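Listed below are the residues making up each chain.
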Amino acid sequence: MRATLMYGAGDVRIENVPDPQIIEPTDALIRVTRACVCGSDLWPYQKMERSDTGRVMGHEAIGVVEEVGADVRRIKRGDFVIMPFAFSDGTCVFCHDGLQTSCVHGGFFGTPEVAGAQAEAVRIPLADGTLFPIGAHADDALMPSLLTLADVMGTGHHAAVIARVAPGKSVAVVGDGAVGLCGVIAAKRLGAEQIIILGRHADRIALAKDFGATNVVSERGDGAVDRVRELTGGYGVHSVLECVGLEQAMNTAISIARPGGAVGRVGVPQEQTIPGSEPAFYNNVTVGGGPAPVRAYIEELLPDVLEGNIGPGRVFDRTVGLDGVPGGYRAMNDREAIKVMVTP
Ligand SMILES: [Zn+2]
């Protein structure tokens, strides 16, 4: 089959690789109908050290089950499924707590250990716990939004949950990438009254407004902090969704939370330490978050996607076949595309 391999920073190639096989009896194989490039794929795209073997990329997909191992009970051949970015057994203590990204037998797709989904097919470990089957009736027009349940919509929702977004609250979203935009959807869906998007790209800001953002702050650093304070009676917001992962974004996030507020961080951190220790301490700001257990959130978010109440699929502004994937990475890295969908 054909798959996307990354060999180092800026070096993405489409190559023929052996077809995935059932290895463990709990595995399934899916034929990928849609996958995508993630903002977090851009970190290795910018920094990955050279590798002779390459790494099959991609951790978000929807597809059709082609084969199941002997011990797979719940998932069946022919099922149309969502593949969350982490695999999980669905039975351990953390899975029971709804934190599948900490599953004691789990792991992540698109890593050196487990091949990713920017490919024609992918092997799914622990298929019964990992995959979320959807009825076959899903409309083609809904596919982009269903695909976001594999990561970005669930991740934006996680940031909102950790930041304690609730009806009537004020919310700020740091970052106007696909996750930040989905964070706006999540904040609106959870009843936030004021939603401030921090970003500066015209196309993304327009989408954020469509999704429910009430204010836009395009300054950075201290200027952004001042603007958010102005917009919130001088106090800052109840909830901040940090969807970038860089030091300045985290500093801003903590500085715009009002005393007693909360920051939900889902941007993959690019630093070893959390900045903003002093303002977080003196303002009693709760800082939490991490890899979103999107598997836990599909059940809650799916009905709103199927009924058209939310349209997170609008974050995709470019669609490519596998041959177009290297160009898709480039376009996202150069901020020419918000998020690229792949139809293998
Ligand atoms: Zn588990």
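Residues numbered from 1 in each chain as written. Predicted model: local features only at pLDDT ≥ 70, side-chain atom pairs only at ≥ 80, totals over all residues. Heavy atoms only, no water.

J.: Would you mind going over the packing of helix α6 (residues 178–189) against helix α7 (residues 202–211) with me for this structure?
T.: To describe two helices that pack against each other, one gives the angle between their axes and the distance between the axes. Packing of α6 against α7 brings their axes to within 9 Å, and their N-to-C directions diverge by 15 degrees. It follows from the interaxial angle that α6 and α7 lie roughly parallel. The handedness of the crossing between α6 and α7 is right-handed. Residues Leu-181, Val-184, Ile-185 and Lys-188 of α6 lie in contact with α7, whose contacting residues are Arg-204, Leu-207, Ala-208 and Phe-211. Of the residues that constitute the contact of α6 with α7, the class distribution is 6 nonpolar, no polar and 2 charged. (Axes fitted to C-alpha atoms, helices over the stretch in contact; angles between N-to-C directions. Helix = DSSP H or I, 4+ residues; strand = E, 2+ residues; numbered from the N terminus. Parallel < 35°, antiparallel > 145°, perpendicular 65-115°, else oblique. Left-handed = near helix turned anticlockwise from the far one by under 90°. Contact = heavy atoms within 4.5 Å. Nonpolar A, V, L, I, M, F, W, Y, C, P; charged D, E, K, R; others polar.)

J.: Please clarify how the nonpolar core should be interpreted in this entry.
T.: One recurring pattern in soluble globular proteins is that nonpolar side chains are buried together. Formed by 51 residues in total, the largest nonpolar core has its most connected members in Leu-146, Leu-149 and Leu-241. Considering every element that reaches this core, the biggest residue donor is α6, with 8 residues. Look past the residues within four positions of Leu-149 in its chain and what remains in contact with it is Ile-82, Val-294, Ile-298, Leu-301, Leu-302 and Val-305. Listed in part, the 35 residues of the second largest apolar core include Ala-117, Val-122, Ile-124 and Val-340. (Core = buried A, V, L, I, M, F, W, Y, C linked by side-chain atoms within 4.5 Å. Buried < 20%, exposed > 50% of the residue type's maximum accessible area, 1.4 Å probe, protein only.)

J.: How should I be thinking about the packing of aromatic side chains in this particular structure?
T.: The geometry of an aromatic ring pair is captured by the separation of the ring centres together with the interplanar angle, meaning the angle of the planes. A full pass over the atoms with the stated rule returns 4 aromatic pairs. Ring geometry for Tyr-45 against Tyr-329: centres 5.4 Å apart, planes inclined by 35 degrees, an arrangement best described as tilted. Highlighted residues: Tyr-45 in helix α1 (residues 42–47) and Tyr-329 in helix α12 (residues 325–333), separated in sequence by 284 residues. Aromatic side chains Phe-85 and Phe-108 sit 6.1 Å apart centroid to centroid with 10 degrees between the ring planes, which places their arrangement in the stacked category. Placement of the pair is Phe-85 in the loop between β6 (80–83) and β7 (86–87) and Phe-108 in strand β8 (residues 107–108), with a sequence separation of 23 residues. For Phe-85, a relative accessible area of 9% translates into the label buried. On the basis of relative accessible area, Phe-108 is assigned to the partly exposed category, the value being 32%. (Phe/Tyr/Trp six-rings, centres within 6.5 Å; stacked < 30°, edge-to-face > 60°.)

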